[in-house]
Amino acid sequence: MSTPVTQSDSRPSPLPLLVLGRGTDLHTERGVECPGDLPAPSDPGLVERARAAKAALGDRVFVLGHHYQRDEVIEFADVTGDSFKLAKDAAARPDAPYIVFCGVHFMAESADILTSDEQTVILPDLAAGCSMADMAAIRQVEDAWDDLVEAGVADRTVPVTYMNSSAAIKAFTGRHGGTICTSSNARTALAWALDQAGEGGKVLFLPDQHLGRNTYVRDLGGELDGCVVFDPHKPMGGLTRQELEDATMILWRGHCSVHGRFSLAAVEQARREIPGVKVIVHPECQHEVVEAADEVGSTEKIITTIAAAPAGTKWVVGTELNLVRRLAAQFPEQQISFLEKNVCYCSTMNRIDLPHLVWTLESLVQGRVVNPIRVDPEVAHHARVALDQMLALPGETHRD
């Protein structure tokens, strides 16, 4: 049985170089152990074993499946969705003592924060982290805030943190009067934060620079030169005091390893090769890609937009490949293609596979809880403050 994962206000910097699934560093999103004897991926009985274990557990287990998961895992999910929706779904099932979250580490943390103390959230593979979340270590963020204090702008800066972040970063946001956002409500969250900051105010946007930039420029009508990028690996983020003073958006130097790969050249090639095509991309994409697209939106918006489109519509989609393939199978009357020619799975999300799910479920049947995700109570309290602030924002705030 693995040891519980907890959060700490101190994380090592720089991050250690660990092979996924080997070694132990419980203060980082990546590289933690997944001990135990896993079933062989070639085992022809895996599907039946998963069905039998889930049936034996009955209502005692609730399985959550993120949209980017493999089809073999989605088959056993009780609900599917994006990260915050799934965490709320878990909280809405208080009678289920075990929540198996088929997603990545920060998502399971959010579920642990929102569920009761009587429930245990389980991540089938502890090495299923998030490269974006891992780009903002708590020590780095606290040091950055000290830099803003030294530059004389911290008292006019409100942090806005994307859901794709560790519990420790969410707690930092709560302690400093900020809010969490999803890709659906980033505009509302950003407008609220700028209003809170007041005249000459600023937003520290963590950890995805592209979502922050795209929201500020596209949705709020801001100027690109109002954005600066804070590099945590450089003194004062690589910025001068004047640059920090002049900026409205202080963007953390982070990005999604999947969405950051989509290029303007790929959009242009799709338009050349597929007459009449519509391009839809996630707002975590680079600004030039978002500007060139026909539609921009969260994973949920991508799904609903394609679902509502008439037969014969042609789409190229800039998001994770598992979801794009699933959409193409679900809507065969449309022509749905992946934006990039190269395969672009979320590698850490794909660590949750059928062998890990079977191992998790069969362990529960045997009375063993593996890979529980437990957030430190103080961290959870302050993270919940920031999450509650998001839920208090006007408009629709619960969709990713």
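My aim in this report is to walk through the structure given alongside it, one point at a time.

Rules used in this analysis
Residues numbered from 1 in each chain as written. Predicted model: local features only at pLDDT ≥ 70, side-chain atom pairs only at ≥ 80, totals over all residues. Heavy atoms only, no water. Pairing = 2+ DSSP bridges. Helix = DSSP H or I, 4+ residues; strand = E, 2+ residues; numbered from the N terminus. Buried < 20%, exposed > 50% of the residue type's maximum accessible area, 1.4 Å probe, protein only. Lys, Arg positive; Asp, Glu negative; His and termini not counted. Salt bridge = Lys/Arg side-chain N within 4 Å of Asp/Glu carboxyl O. Polar contact = N/O pair within 3.5 Å; in protein donor to acceptor, adjacent residues only side chain to side chain. Contact = heavy atoms within 4.5 Å. Axes fitted to C-alpha atoms, helices over the stretch in contact; angles between N-to-C directions. Phe/Tyr/Trp six-rings, centres within 6.5 Å; stacked < 30°, edge-to-face > 60°. Right-handed = clockwise from strand over helix to strand, strands pointing away. Left-handed = near helix turned anticlockwise from the far one by under 90°. Nonpolar A, V, L, I, M, F, W, Y, C, P; charged D, E, K, R; others polar.

**Focus: the pairing of strand S8 (residues 227-230)**
The pairing of S8 with strand S9 (residues 249-252) spans 4 bridges and is parallel. From the neighbouring strand, Phe-230 faces S9, where its bridge partner is Trp-252.

**Quick word on the side chain of Lys-202**
Its place among the elements puts Lys-202 in strand S7 (residues 202-206). Comment: no salt bridge for buried Lys-202; closest opposite-charge side chain is Glu-245, at 4.6 Å. A polar atom in the side chain of Lys-202 sits 2.6 Å from the backbone oxygen of Glu-245. The residues touching Lys-202, leaving out its near neighbours within four places in the chain, are Val-153, Arg-156, Thr-157, Val-158, Ala-197, Leu-244, Glu-245, Asp-246, Ala-247, Thr-248 and Ile-250.

**Overview of the sheet that holds S8**
Strand order in the open sheet made by the 5 strands is S6-S5-S7-S9-S8, with parallel pairing throughout. Two strands bound the open sheet, and with one partner strand each, they are strand S6 (179-181) and S8. Pairwise comparison of adjacent strand axes, ignoring direction, gives a mean angle of 25° for this sheet. Relative to S9, S7 is paired through 3 bridges, and the arrangement is parallel. Each bridged residue has a counterpart across the sheet, and for Val-203 the counterpart in S9 is Met-249.

**Some points on the packing of aromatic side chains**
As enumerated under the stated definition, the model contains 3 aromatic pairs in all. Each ring, one from Phe-230 and one from Trp-252, has its centre 5.7 Å from the other, and the planes form 15°; the classification is stacked. Of this pair, Phe-230 sits in strand S8 while Trp-252 sits in strand S9, placing them 22 residues apart in sequence. Since its relative accessible area comes to 0%, Trp-252 is described here as buried. Seen in terms of ring centroids, Phe-262 and Phe-338 are 5.6 Å apart; in terms of plane orientation they differ by 70°. Their pairing is edge-to-face. Taken as a pair, Phe-262 in the loop between S9 and helix H11 (264-273) and Phe-338 in strand S13 (residues 335-338) lie far apart in primary sequence, 76 residues in all. Residue classification places Phe-262 among the buried residues on the basis of a relative accessible area of 0%.

**Re the side chain of Thr-313**
With respect to the element layout, Thr-313 can be found in the loop between helix H13 (299-308) and strand S12 (314-318). Overall, the relative accessible area of 14% leaves Thr-313 in the buried class. Excluding residues that lie within four positions of it along the chain, Thr-313 makes contacts with Gln-334 and Gln-335.

**What to know about the pairing of S13**
As a general feature of sheets, a regular strand has side chains that alternate between the two faces. Alternating positions in S13 separate cleanly, Ile-336 and Phe-338 being buried on one face and Gln-335 and Ser-337 remaining unburied on the opposite face. For the crossover that starts at S12, traverses helix H14 (residues 321-330) and ends in the parallel S13, the hand is right-handed.

**Details of the sheet that holds strand S11 (residues 295-296)**
The 4 strands lie next to each other as S11-S10-S12-S13, forming an open sheet whose pairing is parallel. The sheet terminates laterally at S11 and S13, the two strands that pair on one side only. Sheet topology places strand S10 (residues 278-281) next to S12; 4 bridges connect them, and they run parallel. In the sheet register, Lys-278 faces S12, and the bridge partner there is Trp-315. H13 rests against S10, S11, S12 and S13 of the sheet, and its axis sits at about 175° to S12. Here H14 sits on the sheet in contact with S12 and S13, set at roughly 165° to S13.

**Focus: helix H9 (residues 209-219)**
Most of H9 is tucked away, with 9 of its 11 residues classed as buried. Looking at H9, one finds that the buried residues are Gln-209, His-210, Leu-211, Gly-212, Arg-213, Asn-214, Thr-215, Tyr-216 and Val-217. Backbone geometry just downstream of H9 places Gly-221 in the positive-phi region, at approximately 75°.

**Focus on the packing of helix H7 (residues 167-175) against helix H16 (residues 377-391)**
In contact at an axis separation of 7 Å, H7 and H16 are set at 65° when each is read in the N-to-C sense. The way H7 lies across H16 gives a crossing that is left-handed. Residues Ala-167, Ala-168, Lys-170, Ala-171, Thr-173, Gly-174 and Arg-175 of H7 form the contact with H16, whose participating residues are Val-379, His-382, Ala-383, Val-385 and Ala-386. The class makeup of the residues in the contact of H7 with H16 is 7 nonpolar, 3 polar and 2 charged.

**Some points on the packing of helix H1 (residues 46-57) against helix H15 (residues 354-365)**
Their axes nearest at 9 Å, the elements H1 and H15 cross at an angle of 35°. When the axes of H1 and H15 are compared, the crossing they make is left-handed. Taken together, the residues of H15 that come into contact with H1 (itself represented by Leu-46, Val-47, Arg-49, Ala-50, Ala-53, Lys-54, Ala-56 and Leu-57) are Leu-354, Pro-355, Val-358, Leu-361, Glu-362, Leu-364 and Val-365. The residue inventory of the contact of H1 with H15, partitioned by class, reads 12 nonpolar, no polar and 3 charged.

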